[in-house]
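# Inside the fold
For reference, the chains in residue letters:
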Amino acid sequence: MRGLVLSATWKPKPDYAVTPAEERTHRARHGNMVWFNPTIAVAERPDPKVSGDNDVLIRNRVCGICGSDVHMYVPGADGYIGHPAQSRTPIAIGHEYSGEVLEVGRAVTRVKAGDLVAVEGQINCGRCRPCLRGIPSSCDFVEDRGITLDGGTATLSTAHERNCWPLTDVVERFGEAFALDVGALAEPGAVVYNGMVARAGGFLPGDSVAVFGCGPIGLAAVGLARAMGAGEVFALEPSSTKREIASTLGATATFDPTRGDAAAWLM
């Protein structure tokens, strides 16, 4: 298969202690300490296959570009990638994606061939202490599509059925093209929900919510806040274009913090 493949030179910095596992697998614990001179190009990668009873083979259809993808490709002043966490190269990047199910393992019941699905970018074991505590993003054995495994910019991918979320209801209401876009936005949308609700505790219907910065995550926060019943949503953002989008997504008022006292405006 083909994919948008990131490659880099394995060149650990002198002060970085490479573990035997890293040396053996070329999977760095801290990519910005090991991967030098990154390049990116359309290239060949091995075709994935359904190898387990719960595996799902997916034709990738829509993939977003995350800030971490950019950090992996754009080097710092020292020539090393900017991504500070675990990484492996060469790798087809992309962890915000959706696709069409092509084939399923014999034990799969959640999806079937032809279904459109959103694919979770992060893979956890489900058995370690963080997973059992309900913090799967801190899994001791976590893998990341597009970072340690080939991701959404490749032609194909495989995933356990628990990491495939059917988009059938969205297709029925809004059509396939819209559903695929929604599927690719599920991961950044989940980031927002986790931050606003799981970590911060959410808010009561009718409460006021302020969103500082209207990049993709901030804009998702504006839309989610309105969907969750916020009475007023205040969006603070220097870009007039992004302020307009925020208003479209439900911001009741917007403000350019470079042109006045943001705290006073909020009060």
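Just so it is clear, the model here is predicted, and its values are computed rather than measured.

Definitions and cut-offs
Residues numbered from 1 in each chain as written. Predicted model: local features only at pLDDT ≥ 70, side-chain atom pairs only at ≥ 80, totals over all residues. Heavy atoms only, no water. Helix = DSSP H or I, 4+ residues; strand = E, 2+ residues; numbered from the N terminus. Rg over C-alpha atoms; globule rule 2.2 N^0.38 Å. Contact = heavy atoms within 4.5 Å. Areas by Shrake-Rupley, 256 points an atom, 1.4 Å probe, with all protein chains shown as cover. Lys, Arg positive; Asp, Glu negative; His and termini not counted. Charge placed at Lys NZ, Arg CZ, Asp CG, Glu CD. Patch = residues over 30% accessible without salt bridge, like charges linked within 9 Å, V, L, I, M, F, W, Y side chains within 5 Å. Salt bridge = Lys/Arg side-chain N within 4 Å of Asp/Glu carboxyl O. Buried < 20%, exposed > 50% of the residue type's maximum accessible area, 1.4 Å probe, protein only. Expected span 1.5 Å × (residues − 1). Arc of directions from axis to C-beta. Pairing = 2+ DSSP bridges.

## Side note on the overall build of the protein chain
On a plain count of helices and strands, the protein chain comes out with nine helices and 15 strands. Rg of the C-alpha trace for the protein chain: 20 Å, near the compact-globule value of 18 Å for 267 residues, within the 12% margin. Counting only C-alpha atoms and orienting by the principal axes, one finds that the protein chain spans roughly 55 × 50 × 40 Å. Partitioning the contacts of the protein chain with sequence separation of at least 6, the portion at a separation of at least 24 is 69%. With the model as given, the accessible surface of the protein chain reaches about 14100 Å², and the carbon-plus-sulfur share is 56%. The averaged location of the 30 negative side-chain charges in the protein chain is 4 Å from the averaged location of its 25 positive side-chain charges.

## Examining a nonpolar patch on the surface
A surface patch of nonpolar side chains, about 350 Å² in accessible area, is lined by I65, V70, Y73 and V74. Topologically, Y73 is positioned in helix 2 (residues 67-73). Residue class for Y73 comes out partly exposed when judged on its relative accessible area of 38%.

## What about the environment of V119?
Within the fold, V119 resides in strand 8 (residues 116-119). Under the relative-accessibility criterion, V119 is labelled buried at 5%. Considered as a pair, V119 and P238 are 119 residues apart in the sequence and their alpha carbons are 33 Å apart. In contact with V119, other than residues within four places in its own chain, are I58, H95, Y97, R145, A159 and N163.

## Quick word on the environment of E232
As for its position among the elements, E232 is in strand 14 (residues 232-236). The exposure class of E232 is partly exposed, given its relative accessible area of 38%. With 16 residues separating them along the chain, E232 and T248 place their C-alpha atoms 14 Å apart.

## Quick look at helix 7 (residues 216-227)
With 12 residues, helix 7 extends 16 Å from end C-alpha to end C-alpha; this agrees with the ideal 16 Å at 1.5 Å per step. For helix 7, every residue scored as buried is listed here: G218, L219, A221, V222 and A225. Buried residues in helix 7, looked at end-on, bunch into an arc of 155°, giving them a common side. Residues P216 and A227 are exposed on helix 7 and point more than 90 degrees away from its buried face. In this fold, the buried residues of helix 7 make contact with helix 6 (186-199), strand 13 (208-212), strand 14 and helix 8 (240-249). At the exit of helix 7 stands G229, carrying a positive phi of roughly 100°.

## Some details on unusual backbone geometry
Put simply, T89 and P90 share a cis peptide bond, and its omega is -5°. Relative to the helices and strands, P90 is located in the loop between strand 5 (87-88) and strand 6 (91-92). The phi dihedral of H26 falls on the positive side, at around 55°, and the residue is not glycine. Secondary-structure assignment places H26 in the loop between helix 1 (20-25) and strand 2 (27-28). In this structure H26 comes out as partly exposed when scored by relative accessible area, which is 30%. Of note in this structure, N37 is not a glycine but carries a positive phi near 55°. Locating N37 in the fold gives a position in strand 3 (residues 35-44).

## Focus: the pairing of strand 1 (residues 2-10)
One ladder, built from eight bridges, connects strand 1 with strand 3; its direction is antiparallel. Bridge pairing in strand 3 places V5 opposite A41. Summarising the sheet, strand 1 and strand 6 pair through two bridges and their orientation is antiparallel. Residue pairing across strands places L6 opposite I91, the latter belonging to strand 6.

## Section: the sheet that holds strand 1
Spatial strand order, 3-1-6: three strands in an open sheet with antiparallel pairing. The sheet is open, and its two edges are formed by strand 3 and strand 6, each paired on a single side.

## So, the pattern of salt bridges
As a working rule, side chains carrying opposite charge can pair if their charged atoms are close by. Enumeration over the complete set of coordinates arrives at 10 salt bridges. With a closest N to O distance of 3.0 Å, R2 and E44 form a salt bridge. Here E44 lies in strand 3 and R2 lies in strand 1, a separation of 42 residues in the sequence. Exposure remark for R2: the relative accessible area of 44% places this residue in the partly exposed category. A salt bridge links K112 to D115; the shortest N-O distance between them is 3.1 Å.

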